[in-house]
Amino acid sequence: MKILKQVLGVDVSQKELEVSLGKLNEDLSIEIYSHRVFSNKETGFKALNKWLLKNTDTDISVRIVMEATGVYHQKFAHFMVENGFDTSIVLPNKISNYMRTLDIKTVTDKTCSEAIAKFGLERKLENWKKPDQTYQQLQQLTRERDQIVEERTVAKNRLHAEGSEAFPNPGSIQRISELIAFFNRQEKEIKKEIKVILSNNPTVKEEVNRICTIPGMGELTAVVILAETNGFELIRSKKQLTSYAGMDIKEKQSGTSVKAKPKLSKKGNRHLRKALHLPSLSSVKYNPMHKELYARLVGRHGIKMKALVAVQRKMLELSYILWKNKEEYRADYEKEERAAIITSSPGN
């Protein structure tokens, strides 16, 4: 039977690539016909490449489909593109939503790779492009800074605890103080590197400045947003972005007997969520629209953190809208957007 399409579904982990090979036949039937596990390193990539050539129709291109899993998929994606394969990287929420439609009773790495292969066979996917080196460098630097800030906080807590002892050890206090000073110097160096990268890339600098027009949004937060989304490369809508960040609402409801409280999924990029925490506190103070949103939500359910997350979600969505429309934030921007949505809704 004639083959219309071939797809390799890849479930990526830190050390392994669990792969399933599938094809779409002329009668539109889908067949998953081979499964293997390869190491997530260059020797594994080369072995996978040879295995593909032996197990596929070389007259028909093979599309490689995988999830965006932190950093573990990046080397493999680069390798496959460099070797001439059409490669697609899909947001994890798309795959998880698709898997709910399948009759999968036990979720394993193998069933995930099979589901990814089926997803690729059923959908028309875009080719992944190598990320802009600028965003990659910014992501590395902002994540390094985040780690340094965490370690400095631990050191400061140790210093406080040591200083509160009945008989503090002067040597311990000196060493911890030196460690904190070291972290301060490292953070300063990283911030300098970020500024140099931005000054050498006017387009990215302009995008950062545009996002910074949102009240409460600082340069570092704007850089994190662009770095963690690779300049919104895989994002096509606000809903997709909030889901990627893990800021979407998860509900569990079954008939009349099971109804759990809606809650934040947190199945997404934690770096985005973390970066928006402090800016949202500032936005609640200085942005009238967000101040009103925060007060309204706290008045409704009394949970301050839940209201703050709603503000974070709004700030993230605004970043995407300003980037997409190449506009700067205005005081009446959100009012105009809300009015446009009401006007375009059915019945108006």
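Refer to the preceding data block for the structure.
Computed from a prediction, not measured in an experiment: that's the story for all the values here.

Colleague: Would you mind going over the overall build of the protein with me for this structure?
Modeller: Check the secondary structure of the protein and you find 14 helices and 9 strands. Buried residues in the protein amount to 42% of all 348 residues.

Colleague: Would you mind showing me how to read the packing of helix α5 (residues 133-163) against helix α6 (residues 170-199) here?
Modeller: The description of two helices packed together rests on the angle between their axes and the distance between the axes. Between α5 and α6, the least distance of the axes is 9 Å, while the angle of their chain directions is 160 degrees. Regarding the angle of α5 to α6, the classification is roughly antiparallel. As α5 packs across α6, the resulting crossing turns out to be left-handed. Across the contact of α5 with α6, the residue classes tally to 15 nonpolar, 7 polar and 10 charged.

Colleague: I keep staring at the pattern of salt bridges and nothing clicks. Help me out?
Modeller: Any two side chains of opposite charge can pair, given that their charged atoms come close. Taken as a whole and judged by the stated rule, the model has 14 salt bridges. The partner of K274 in a salt bridge is D146, and the shortest N-O contact between them spans 3.1 Å. With a gap of 128 residues between them, K274 in helix α10 (residues 270-275) and D146 in helix α5 connect regions that are remote in the sequence. On the basis of relative accessibility, which here comes to 38%, the residue K274 falls in the partly exposed class. When salt bridges that share partners are traced, they join R145, R152, E187 and K191 into one network.

Colleague: Honestly, helix α11 (residues 277-286) in this entry has me stumped. Any pointers?
Modeller: Note that an α-helix has 3.6 residues per turn; residues three or four places apart therefore point the same way. The complete set of buried residues in α11 reads P279, S280, S283 and V284. An end-on view of α11 places all buried positions within 140 degrees of arc, on one side of the element. Residues L278, K285 and Y286 are exposed on α11 and point more than 90 degrees away from its buried face. Contacts from the buried residues of α11 go to α8 (219-228), α10, α12 (288-301) and α13 (304-325).

Colleague: So what exactly am I meant to see when it comes to the environment of I235 here?
Modeller: Residue placement: I235 occurs in the loop between α8 and α9 (238-244). Leaving out residues up to four positions away in the same chain, I235 has contacts with L91, Q240, L241, Y244 and Y320.

Colleague: Any chance you could explain the packing of aromatic side chains here in plain terms?
Modeller: Centre-to-centre distance and the angle between the planes together describe a pair of aromatic rings. The final tally for this structure, using the stated rule, is 8 aromatic pairs. Look at F45 and F76: their rings are 5.4 Å apart centre to centre, the planes differ by 50 degrees, and that puts the pair in the tilted class. Residue F45 is found in helix α1 (residues 42-55), and its partner F76 is found in helix α2 (residues 74-82); the two are separated by 31 residues along the sequence. We classify F45 as buried; its relative accessible area is 4%. Residue classification places F76 among the buried positions, given a relative accessible area of 0%. A centroid spacing of 5.0 Å and a plane angle of 45 degrees characterise the contact between F232 and W323, whose relative ring orientation is tilted. Of this pair, F232 sits in the loop between α8 and α9 while W323 is found in helix α13, placing the two residues 91 residues apart along the sequence.

Here is what the cut-offs are and how they apply
- Note on numbering: residues in each chain are counted from 1, in written sequence order.
- The model is predicted, so local features are restricted to residues of pLDDT at least 70 and side-chain atom pairs to those at 80 or more, both for listing and for counting; the totals for chains, interfaces and linings are taken over all residues.
- Working from all heavy atoms in the structure, the side-chain values ignore hydrogens and water.
- We count a stretch as a helix when DSSP gives it H or I for four or more residues in a row; a strand needs E for two or more, and each element gets its number in order from the N terminus.
- For every residue, the accessible area (1.4 Å probe, protein chains only) is compared with the maximum for its type, and the residue is labelled buried under 20%, exposed over 50%, or partly exposed between those bounds.
- Only the stretch in contact is used when a helix axis is fitted, and all axes are lines through C-alpha atoms; the angle between N-to-C directions ranges over 0 to 180 degrees.
- Each angle gets one of four labels, with under 35 degrees taken as roughly parallel, over 145 as roughly antiparallel, 65 to 115 as roughly perpendicular, and the rest as oblique.
- A clockwise turn of the near helix away from the far one marks a right-handed crossing, whereas an anticlockwise turn of less than a right angle marks a left-handed crossing.
- The classification used treats Ala, Val, Leu, Ile, Met, Phe, Trp, Tyr, Cys and Pro as nonpolar, Asp, Glu, Lys and Arg as charged, and all other residues, Gly among them, as polar.
- Between Lys or Arg on one side and Asp or Glu on the other, a salt bridge is scored when a side-chain nitrogen of the former is within 4 Å of a carboxyl oxygen of the latter.
- It is the directions from the helix axis to the C-beta atoms whose arc is reported.
- By definition in these notes, contact holds between two residues if any of their heavy atoms fall within 4.5 Å.
- Aromatic rings from Phe, Tyr and Trp, taking only the six-membered ring of Trp, are treated as a pair when their centres fall within 6.5 Å; an angle between ring planes under 30 degrees marks them as stacked, one over 60 as edge-to-face, and anything in between as tilted.

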